[in-house]
Amino acid sequence: MKERIKEIRTDAGLNQYEFAEKIGIGASTVTNYEKGSRNPSNAVLQNICRIFHVSKEWLVNGTGPKYIEQSVLFTELLSAVDDSDDQFIRAFIETYLELDKASRDVLEYTVMKLSSKMKK
């Protein structure tokens with residue numbers, strides 16, 4: 001798996017620090033993954049697959065296609081939410097889908113503004 005993690009990172013044109021930042025871990029952890037001295041948790045694997053649109057089967061086992069189509073990724077995400085017992089996420093998605101375009105735009109603007117303030 002160590003080679004495949006490095007391959008995803010280099011395919012994305014990122015150094016270890018940038019890659020680590022995108023998936024929410026430390027750069028030294030990426031170094032350990034790429035050296036094979038440490039294996040990523042399931043949560044880290046999920047983040048890599050979601051962010052870089054990589055097949056988990058390929059990342060973990062080296063089999064199947066490397067990348068998955070956006071629509072397949074979205075379908076898998078919705079399936080995971082549907083199977084989840086997280087009522088907040090389910091209610092949030094259902095509510096979002098019921099919004100008109102203007103309301104969705106307002107929500108997007110609000111989330112982006114909040115996100116930028118949280119980074120400061």
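Please read these numbers as outputs of a predicted model, since none were measured by experiment. (Residues numbered from 1 in each chain as written. Predicted model: local features only at pLDDT ≥ 70, side-chain atom pairs only at ≥ 80, totals over all residues. Heavy atoms only, no water.)

Engineer: Explain the layout of surface pockets here, please?
Structural biologist: Space left empty within the atom packing is revealed by a probe, the size of a water molecule, rolled over the atoms. Roughly 250 Å³ of internal volume is contained in the second largest pocket. F74, L77, L78, V81 and I93 are, among the 11 residues lining the second largest pocket, the residues nearest its centre. Of all elements in the fold, only α6 (70-83) and α7 (87-98) reach the threshold of two or more residues within the lining of the second largest pocket. (1 Å grid on protein atoms, 1.4 Å probe; cavity = no way out; pocket = protein on both sides within 12 Å on 5 of 7 lines; lining within 4 Å. Points joined across faces, edges and corners; volume = space filled by probe spheres on them. Helix = DSSP H or I, 4+ residues; strand = E, 2+ residues; numbered from the N terminus.)

Engineer: Honestly, the side chain of R4 in this entry has me stumped. Any pointers?
Structural biologist: Tracing the sequence through the fold places R4 in helix α1 (residues 2-11). Nearest to the buried, unbridged R4 among oppositely charged side chains is E3, at 5.0 Å. Looking at R4, its side chain comes within polar contact range of the main-chain oxygen of L59, at 2.9 Å. Residues in contact with R4, not counting those within four places in the same chain, are W58, L59, V60, N61 and G62. (Buried < 20%, exposed > 50% of the residue type's maximum accessible area, 1.4 Å probe, protein only. Lys, Arg positive; Asp, Glu negative; His and termini not counted. Salt bridge = Lys/Arg side-chain N within 4 Å of Asp/Glu carboxyl O. Polar contact = N/O pair within 3.5 Å; in protein donor to acceptor, adjacent residues only side chain to side chain. Contact = heavy atoms within 4.5 Å.)

Engineer: Explain helix α8 (residues 101-119) to me, please; I cannot follow it from the model alone.
Structural biologist: Structurally, the α-helix is built with 3.6 residues per turn, so residues lying three or four positions apart point the same way. Look at α8: 27 Å from first C-alpha to last across 19 residues, which is about the 27 Å you get at 1.5 Å a residue. α8 sits mainly on the outside: 0 of its 19 residues count as buried. (Expected span 1.5 Å × (residues − 1).)

Engineer: Mind showing me how you'd approach the nonpolar core here?
Structural biologist: Within soluble globular proteins, side chains that are nonpolar generally end up buried alongside one another. In this structure, I8, F19, I23, I25, I48, F52 and L59 are the most contacted members of the largest nonpolar core, which totals 17 residues. Looking at this core, the elements with two or more residues in it are α1, α2 (16-23), α3 (27-35), α4 (42-52) and α5 (56-61). Ranked by residues supplied to this core, first place goes to α4 with 5 residues. With sequence-adjacent residues up to four places away left out, I8 is seen in contact with F19, I48, F52, V54, W58, K66 and Y67. (Core = buried A, V, L, I, M, F, W, Y, C linked by side-chain atoms within 4.5 Å.)

Engineer: Sorry if this is basic, but what is going on with the packing of α2 against α3 here?
Structural biologist: The description of two packed helices rests on the angle between their axes and on the distance between the axes. Here α2 crosses α3 at 105°, and the two axes come no closer than 8 Å. With respect to α3, the axis of α2 lies roughly perpendicular. Touching Q16, Y17, F19 and A20 of α2 are A27, V30, T31 and E34, all from α3. Residues belonging to the contact of α2 with α3 are distributed by class as follows: 5 nonpolar, 2 polar and 1 charged. (Axes fitted to C-alpha atoms, helices over the stretch in contact; angles between N-to-C directions. Parallel < 35°, antiparallel > 145°, perpendicular 65-115°, else oblique. Nonpolar A, V, L, I, M, F, W, Y, C, P; charged D, E, K, R; others polar.)

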